[in-house]
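Okay, here's what each chain looks like letter by letter:
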Amino acid sequence: MAVPLVYNLRSIRRRWSSSIIAVLGIAGAVGVFVAMLAMANGFQATLVQSGSPDNAIIMRAGASAEMVSVVTLDQEHIIESAPGVRRRDGGPLVSPEVIVMAPFPLIASGADANVQVRGVSASALAVRPQVRIVQGRFLKPGLTEIVIGKNVPSTYRGLALGKTLRFGGGTWTVVGVFDAGGSAFDSEVWADTAILDQVYNRPANVFQSVTVKLQPGAFSRFKDALTADPRLNVDVERESEYYRKQSQSLTTLITVLGTLVGIVMGIGAVFGALNTMYSAVAERSREIATLKALGFTPASVIVSFMFEAVLIAAIGGAIGAVAVLPLNGYTASTLNFQTFSHLAFAFRVTPPLLAGGMVFALLMGLIGGTPPAIRAARRPVAAALREL
Amino acid sequence: MIRVDGRGENSLIAVRNLGKTYRRGNQDIPVLQGLNLDVDAGDSVAFMGPSGSGKSTLLNLLGGLDVPTTGSIRVGGDEITHMSAGRLTTWRARHVGFVFQMFNLLPVLTAFQNVELPLLLTRLSRAERRDHVETALSVVGLADRMHHYPRELSGGQEQRVAIARAIVTDPTFLLCDEPTGDLDRSSADEVLDLLAQLVAEYGKTVLLVTHDPRAAERAHMLLHLDKGVLVEAQSGAHA
């Protein structure tokens, strides 16, 4: 039979000043751990949401990102006529695009940061139906007009609806704001491809990627057709997979960093828990001996003190998890290592993350509770009963 | 009948040739040597002796909290000296009621919950446990204090709660280690009256270690521990 739980609950409350050290230590470790993973989660989700599984992105073979890819107009024509391309009103849903970087001052620091400027045609919206104009209108072909993602006005100085600004040697007017559903496009500026080529003195008829909307289930057929075509030397990927890969390095970095920081803080918290539980065992040495004298087994004493440690850890874990909840949806921006442009993303504190944080807390409680619990169980009863 | 010559028969507690030696560094320190004791059911016996004479050691051995170096202890037919630690724990829960000098109540539990502790090791239902606890607290005269915490009770009341905890499982015998050592005179008298009542009215077997002659004289027999063996000192009040 176990030692009654009320004994542990009330003991924690009675020794609250000692318990609070362990609780706060564990809360801090869990909070940082969950916050870092929420950041990685948000970053990854932002990029992964950018890609649609129905879309394929075509780049030069071996190119890891659009910035280092080249697709010519001839190749684009071949892609348009490949099997599996979805068509609307007789025309293929294909968006040949160019990418340039333009520096703009960040509102937060005033320092310049790169914005990814995407040269698009009217078909860009048809290929990416998740992108909606929420203010103003879409750009008109042949004009130095730009539309900006919804995160851009709040991130960069001077990039707002109706503003006229200079970059890349041209003067541009912001005519619209689009919402791309929390994806990476929300951090981009879109301009007309032909105008962008002219302003940046880029060769005409050369793109960096072509994004294609495919018929359902047609990806393999489409990919096989392009990769088998001797006129093309391209890689074909699902757009969702491309963006997932884009997110991988930074997500991994943040996850590893977050886990490391969490573990380091966790080690500190475990020592806090050890300290709390060792002092609990020392202070209650006679109580433990009494329980054993009454007939409670060493195993039940271990379970009792482990339960107490785990309970302290659970309280700490819950406090840590609740403390980071307000971070959910908080938008931050960072440099995307793949594109060297700034990317805004929202922290995502998800239930699995919170559950992970609680598991982390309980683990700390178990590790911090086990040695003191074993000490409590091993202490000879007769000697402990004589202690004052 | 209480005997120290090792010739008792069919006694509830039969101790034969009991020895306990502690080892400190390279040195053996004998505390008890060739000790014999027979105690019948319903007897009360007090052990006295100077500090370090082995009184508490004897109590710990009788209560299964420690194991002897030599000899045997039989309680109601059970030879406890060769029991495993696990069996000894179970045996202790069933047969021994402990009363300690400093009461050893768990401060975070109420009087009721403290007294209920030993019953948690039985198969009794919640309602049966409640009946037993209420009865035990009534016997010690504290039925009206069952929901009080130890800090809300006087020293004498705490010790009476501890006695209720010791008797609640109706153990084979009670072991009391200086039960009045931490009490003022009047509280000590209350506790001694209660122990005497348990012997006289409820037929309990009580073994107590004490420095207090007034406590010792209430027992059926007073035994002195001298050089590791028991010596009959004088007859107690009821002998």
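Treat the numbers as computed from the prediction; the structure is a model and nothing was measured.

Some points on the domain arrangement of chain A
Residue and element names in this part refer to chain A.
- Per the domain assignment, the segments of chain A are domain 1 (5–48 + 247–386) and domain 2 (62–232).
- Just the C-alpha atoms count here: the centres of domain 1 and domain 2 sit 46 Å apart.
- Facing the 10 residues of domain 1 at the interface are 15 residues of domain 2.
- For the pairing of domain 1 and domain 2, the buried interface totals around 900 Å² over both sides, and the portion due to carbon and sulfur atoms is 54%.
- Counting residues per element, the ones that place at least two in the side of domain 1 that touches domain 2 are helix 2 (16–50) and strand 16 (341–346).
- For the side of domain 1 that touches domain 2, a count of residues per class yields four nonpolar, six polar and no charged.

Some thoughts on the nonpolar core
- Counting residues in each nonpolar core, the largest one holds 58 residues, and the members touching the most others are Ile26, Trp190, Phe305 and Met364 of chain A.
- If you list the elements that add at least two residues to this core, you get helix 2, strand 1 (55–60), strand 10 (170–179), helix 8 (239–283), helix 10 (298–324), strand 16 and helix 11 (351–378) of chain A.
- Examining the composition of this core, we find that 13 residues originate from one element, helix 2 of chain A, more than from any other.
- Each of two domains, domain 1 (5–48 + 247–386) and domain 2 (62–232) of chain A, supplies a minimum of three residues to this core.
- In contact with isoleucine 26 of chain A, other than residues within four places in its own chain, are Ala269, Ala273, Ala313, Gly316, Gly317, Ala361 and Met364 of chain A.
- Core analysis: the second largest hydrophobic core is formed by 39 residues, Val15, Val31, Val209 and Met221 of chain B among them.

A look at the packing of aromatic side chains
- Counting across every chain of the model gives 12 aromatic pairs over all chains.
- Both rings, one in phenylalanine 345 of chain A and one in phenylalanine 347 of chain A, keep their centres 6.1 Å apart while their planes meet at 25°; by these two values the pair is stacked. With respect to burial, phenylalanine 345 of chain A and phenylalanine 347 of chain A carry one shared label: buried.
- In this structure an aromatic cluster arises from ring pairing among Phe178, Phe185, Trp190, Tyr242 and Tyr243 of chain A.
- Above the plane of the ring of tyrosine 149 of chain B lies arginine 151 of chain B, whose end atom (NZ or CZ) is 4.8 Å from the centre.

As for helix 5 (residues 155–167) of chain B
- Taking 1.5 Å per residue, 13 residues should reach 18 Å; helix 5 of chain B reaches 19 Å between its end C-alpha atoms and fits that length.
- Most of helix 5 of chain B is tucked away, with 12 of its 13 residues classed as buried.
- Of the residues making up helix 5 of chain B, those classed as buried are Gly156, Gln157, Glu158, Gln159, Arg160, Val161, Ala162, Ile163, Ala164, Arg165, Ala166 and Ile167 of chain B.
- Looking at the buried positions of helix 5 of chain B, the neighbouring elements they touch are helix 9 (285–294) of chain A together with strand 7 (96–99), helix 3 (111–116), helix 4 (126–139), strand 8 (173–177) and helix 6 (185–202) of chain B.

Quick look at the interface of chain A and chain B
- Tallying the contact residues gives 23 residues for chain A and 21 residues for chain B.
- Carbon and sulfur atoms supply 68% of the area buried between chain A and chain B, which totals about 2100 Å² over both sides.
- Our count for the contact surface shared by chain A and chain B stands at zero salt bridges.
- Run the count over chain A and chain B and you get seven residue pairs in polar contact (both at pLDDT 80 or more).
- Taken together, the elements giving at least two residues each to the side of chain A that touches chain B come down to helix 1 (5–14), helix 9 and helix 12 (381–385) of chain A.
- Residue contributions to the side of chain A that touches chain B peak at seven residues, all from helix 9 of chain A.
- When grouped by side-chain class, the residues that make up the side of chain A that touches chain B number 12 nonpolar, four polar and seven charged.

Quick notes on the environment of proline 92 of chain A
All names here are of chain A.
- Along the chain, the position of proline 92 falls in strand 4 (residues 91–92).
- Remark: the alpha-carbon pair of proline 92 and leucine 125, spanning 33 residues in sequence, is separated by 13 Å.
- Residues in contact with proline 92, not counting those within four places in the same chain, are Glu80, Val85, Arg86 and Arg87.

Focus: the confidence of the model for chain B
- Overall, the predicted model of chain B reaches an average pLDDT of 90, with 97% of residues at or above 70.
- Interface confidence for the predicted complex, expressed as ipTM, amounts to 0.91; the pTM equals 0.75.

Focus on the pairing of strand 8 of chain B
All names here are of chain B.
- Taking burial as the measure, the five residues of strand 8 include four buried ones, the bulk of the element.
- Note: strand 7 against strand 8, four bridges, orientation parallel. What sits directly across from phenylalanine 98, in strand 8, is leucine 175.
- In this sheet, strand 9 (residues 206–209) lies alongside strand 8 in parallel orientation, the contact comprising four bridges. Across the sheet, cysteine 176 pairs through a bridge with leucine 208, a residue of strand 9.

Considering the packing of helix 8 of chain A against helix 10 of chain A
Residues and elements named next belong to chain A.
- Put simply, helix 8 and helix 10 touch, their axes get as near as 11 Å, and they point 140° apart. Taken together, the axis directions place helix 8 and helix 10 in an arrangement best described as oblique. As helix 8 runs across helix 10, the sense of the crossing is right-handed. Note on element contacts: helix 10 touches helix 8 through Phe305, Glu308, Ala309 and Ile312, opposite Thr276, Met277, Ala280 and Val281.

Notes on the environment of valine 175 of chain A
Residues and elements named next belong to chain A.
- If you trace the backbone, valine 175 turns up in strand 10.
- Considering only alpha carbons, one finds valine 175 and threonine 252, 77 residues apart in sequence, at a separation of 37 Å.
- In contact with valine 175, not counting residues within four places along its chain, are Gln135, Gly136, Arg137, Phe138, Leu139, Glu145, Ile146, Val147 and Leu161.

Remarks on the pattern of salt bridges
- The tally for this structure, following the rule as stated, stands at 27 salt bridges over all chains.
- Note that arginine 118 of chain A is salt-bridged to glutamate 97 of chain A, the shortest N-O span being 2.7 Å. With arginine 118 of chain A in strand 6 (residues 112–120) and glutamate 97 of chain A in strand 5 (residues 94–105), this residue pair connects regions lying 21 residues apart in the sequence. Glutamate 97 of chain A carries the same exposure label as arginine 118 of chain A, and that label is buried.
- Here aspartate 212 of chain B makes a salt bridge to arginine 185 of chain B, at a shortest N to O gap of 3.2 Å.

As for the confidence of the model for chain A
- On average, residues of chain A score 89 in pLDDT, and 98% of them are at 70 or above.
- Mean pLDDT across the elements of chain A bottoms out in strand 15 (residues 331–336) of chain A (75) and peaks in strand 11 (residues 189–192) of chain A (96).

Section: the packing of helix 2 of chain A against helix 10 of chain A
Residues and elements named next belong to chain A.
- At a minimum axis separation of 7 Å, helix 2 and helix 10 run at an interaxial angle of 45°. With respect to helix 10, the axis of helix 2 lies oblique. The chirality of how helix 2 crosses helix 10 is right-handed. Contact residues: helix 2 offers Ser19, Ala22, Val23, Ile26, Ala27, Val30, Gly31, Val34 and Ala35, while helix 10 offers Ile312, Ala313, Ile315, Gly316, Gly317, Ile319, Gly320, Ala321 and Val324.

So, how was this worked out
- Residues numbered from 1 in each chain as written.
- Chains lettered and ligands numbered in written order.
- Predicted model: local features only at pLDDT ≥ 70, side-chain atom pairs only at ≥ 80, totals over all residues.
- Heavy atoms only, no water.
- Domains from an automatic or database assignment.
- Contact = heavy atoms within 4.5 Å.
- Buried area = accessible area lost by both parts, 1.4 Å probe.
- Helix = DSSP H or I, 4+ residues; strand = E, 2+ residues; numbered from the N terminus.
- Nonpolar A, V, L, I, M, F, W, Y, C, P; charged D, E, K, R; others polar.
- Core = buried A, V, L, I, M, F, W, Y, C linked by side-chain atoms within 4.5 Å.
- Buried < 20%, exposed > 50% of the residue type's maximum accessible area, 1.4 Å probe, protein only.
- Phe/Tyr/Trp six-rings, centres within 6.5 Å; stacked < 30°, edge-to-face > 60°.
- Lys NZ or Arg CZ within 6 Å of the ring centre and 35° of its normal.
- Expected span 1.5 Å × (residues − 1).
- Salt bridge = Lys/Arg side-chain N within 4 Å of Asp/Glu carboxyl O.
- Polar contact = N/O pair within 3.5 Å; in protein donor to acceptor, adjacent residues only side chain to side chain.
- pLDDT = per-residue confidence, 0-100.
- Pairing = 2+ DSSP bridges.
- Axes fitted to C-alpha atoms, helices over the stretch in contact; angles between N-to-C directions.
- Parallel < 35°, antiparallel > 145°, perpendicular 65-115°, else oblique.
- Left-handed = near helix turned anticlockwise from the far one by under 90°.

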